[in-house]
Amino acid sequence: MSRALVLLSLAFVACPKNTSPVATAPEPPAEVTPPQLNDDAVAGIESDELRQLLHDHWEHTMSVSPTWATSLGDHRFDDQLGDLTIAAAERDQAATEAFLERARAIGPQSLSESDRTTLALFIEDLQYSVASEVCHFEQWSISPRSNAAVFYNDLPDIHPVD
């Protein structure tokens, strides 16, 4: 035990102090309105059906990720925090499956080449999300940067109190 303590003490003394300046939070984005953000999310989409699907998906994403919405300048959800419960994860999984079903129901033959590419990428992303649901990352992920214990650490940076 004393040998381990000596080694730990030597390591502590040998490590130089961090003298680099403290990182500061990035400047918040310019104030934008939710329609502008949503317009950006569906920019260039020609198909009304695909545009509506992407709009609905964006709105869902903002509603279940309110702190991210705030960081993007969408302040409709400033009074909310993300729900990290298993029930919320299950609701989000069901929503993802519903979005995937809606996306698959869009006939790609009626779409422009650009919209077909967008739809294919959207479906691929949703399929990945659905396929990874069996892992239940929300129950065991222990990433030091993204877990329940540190989830709210960035709140002061993205939502300063005036």
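Below: a short report on this structure. No experiment lies behind these values; they were computed from the predicted model shown.

The rules behind the values
- Residues numbered from 1 in each chain as written.
- Predicted model: local features only at pLDDT ≥ 70, side-chain atom pairs only at ≥ 80, totals over all residues.
- Heavy atoms only, no water.
- Helix = DSSP H or I, 4+ residues; strand = E, 2+ residues; numbered from the N terminus.
- Buried < 20%, exposed > 50% of the residue type's maximum accessible area, 1.4 Å probe, protein only.
- Contact = heavy atoms within 4.5 Å.
- Polar contact = N/O pair within 3.5 Å; in protein donor to acceptor, adjacent residues only side chain to side chain.
- Phe/Tyr/Trp six-rings, centres within 6.5 Å; stacked < 30°, edge-to-face > 60°.
- Expected span 1.5 Å × (residues − 1).
- Core = buried A, V, L, I, M, F, W, Y, C linked by side-chain atoms within 4.5 Å.
- Axes fitted to C-alpha atoms, helices over the stretch in contact; angles between N-to-C directions.
- Left-handed = near helix turned anticlockwise from the far one by under 90°.
- Nonpolar A, V, L, I, M, F, W, Y, C, P; charged D, E, K, R; others polar.
- Salt bridge = Lys/Arg side-chain N within 4 Å of Asp/Glu carboxyl O.

**Details of the overall build of the protein**
- Scanning the protein for helices and strands turns up 8 helices and 0 strands.
- Walking the protein from its N terminus toward its C terminus, one meets helices and strands in the order α-α-α-α-α-α-α-α.
- Classification of the 162 residues of the protein by burial places 24% in the buried group.
- For the protein, restricting intrachain contacts to residue pairs at least 6 apart in sequence, the fraction spanning at least 24 positions comes to 61%.

**A short note on the side chain of Thr 70**
- The topology assignment puts Thr 70 in helix α4 (residues 66-72).
- For Thr 70, a relative accessible area of 5% gives the class buried.
- In terms of polar contacts, Thr 70 uses its side chain to reach the side chain of Asp 78, at 2.7 Å.

**Overview of the packing of aromatic side chains**
- Under the criterion given, the structure shown has 1 aromatic pair.
- The interplanar angle of 55 degrees and the centroid separation of 6.0 Å between the aromatic rings of Trp 58 and Trp 68 together place this pair among those described as tilted. Within this pair, whereas Trp 58 is found in helix α3 (residues 48-64), its partner Trp 68 is found in helix α4, the two being separated by 10 residues in sequence.
- Note on Trp 68: relative accessible area 40%, which makes it partly exposed.

**What to know about the side chain of Thr 96**
- Topologically, Thr 96 is positioned in helix α5 (residues 86-104).
- Taking relative accessible area as the criterion, Thr 96 reaches 13% and is therefore assigned buried.
- Among all residues touching Thr 96, those that are not within four sequence positions of it are Leu 126, Ser 129, Val 130 and Glu 133.

**Side note on the environment of Glu 49**
- Looking at where Glu 49 falls in the secondary structure, it is placed in helix α3.
- Counting along the chain gives 53 residues from Glu 49 to Arg 102, while the straight-line C-alpha distance between them is 9.5 Å.

**A look at the environment of His 136**
- Looking at where His 136 falls in the secondary structure, it is placed in the loop between α6 (113-132) and α7 (137-140).
- Accessibility expressed as a relative area gives 31% for His 136, which makes it partly exposed.
- Along the chain, His 136 and Glu 90 lie 46 residues apart, while their C-alpha atoms are 9.6 Å from each other.

**Observations concerning α3**
- Spanning 17 residues, α3 covers 24 Å between terminal C-alpha atoms, matching the ideal 24 Å at 1.5 Å per step.
- One side-chain oxygen of the residue at the start of α3 lies 3.3 Å from the amide nitrogen of Glu 49, identifying that residue as Ser 47.

**A closer look at the nonpolar core**
- Of all hydrophobic cores here, the largest spans 15 residues; its most connected members are Leu 50, Leu 53, Ala 103 and Leu 119.
- Within the residue set of this core, elements represented by two or more residues are α3, α5 and α6.
- Ignoring any residue separated from it by four or fewer positions in sequence, one finds Leu 119 in contact with Leu 50, Ala 103, Ile 106, Pro 108 and Leu 111.

**Considering the packing of α3 against α6**
- Between α3 and α6, whose axes approach to 11 Å, the crossing angle comes to 35 degrees. The two elements α3 and α6 meet at a crossing, and its hand is left-handed. Within the contact between the two elements, α3 uses Leu 50, Leu 53, Leu 54 and His 57 and α6 uses Asp 115, Thr 118, Leu 119, Phe 122 and Leu 126.
- By residue class, the composition of the contact of α3 with α6 is 6 nonpolar, 2 polar and 1 charged.

**As for the pattern of salt bridges**
- Inspection of the entire model under this criterion finds 5 salt bridges.
- Among the salt bridges present, the one from Arg 51 reaches Asp 48, with a minimum N-O distance of 2.8 Å. Residue Arg 51 and its partner Asp 48 are located together in helix α3, separated by 3 residues, close to a single helical turn.
- Residue Arg 51 is classed as partly exposed on the basis of its relative accessible area, which comes to 28%.
- In this structure Asp 48 comes out as exposed when scored by relative accessible area, which is 58%.
- For Arg 76, the salt bridge identified is with Asp 74, shortest N-O distance 2.7 Å.
- Owing to a relative accessible area of 0%, Asp 74 belongs among the buried residues under this scheme.
- Ionic contacts of the salt-bridge type, sharing partners, join the residues Glu 59, Asp 74 and Arg 76 into one network.

Read these as layout, nothing more, since geometry by itself doesn't imply function.
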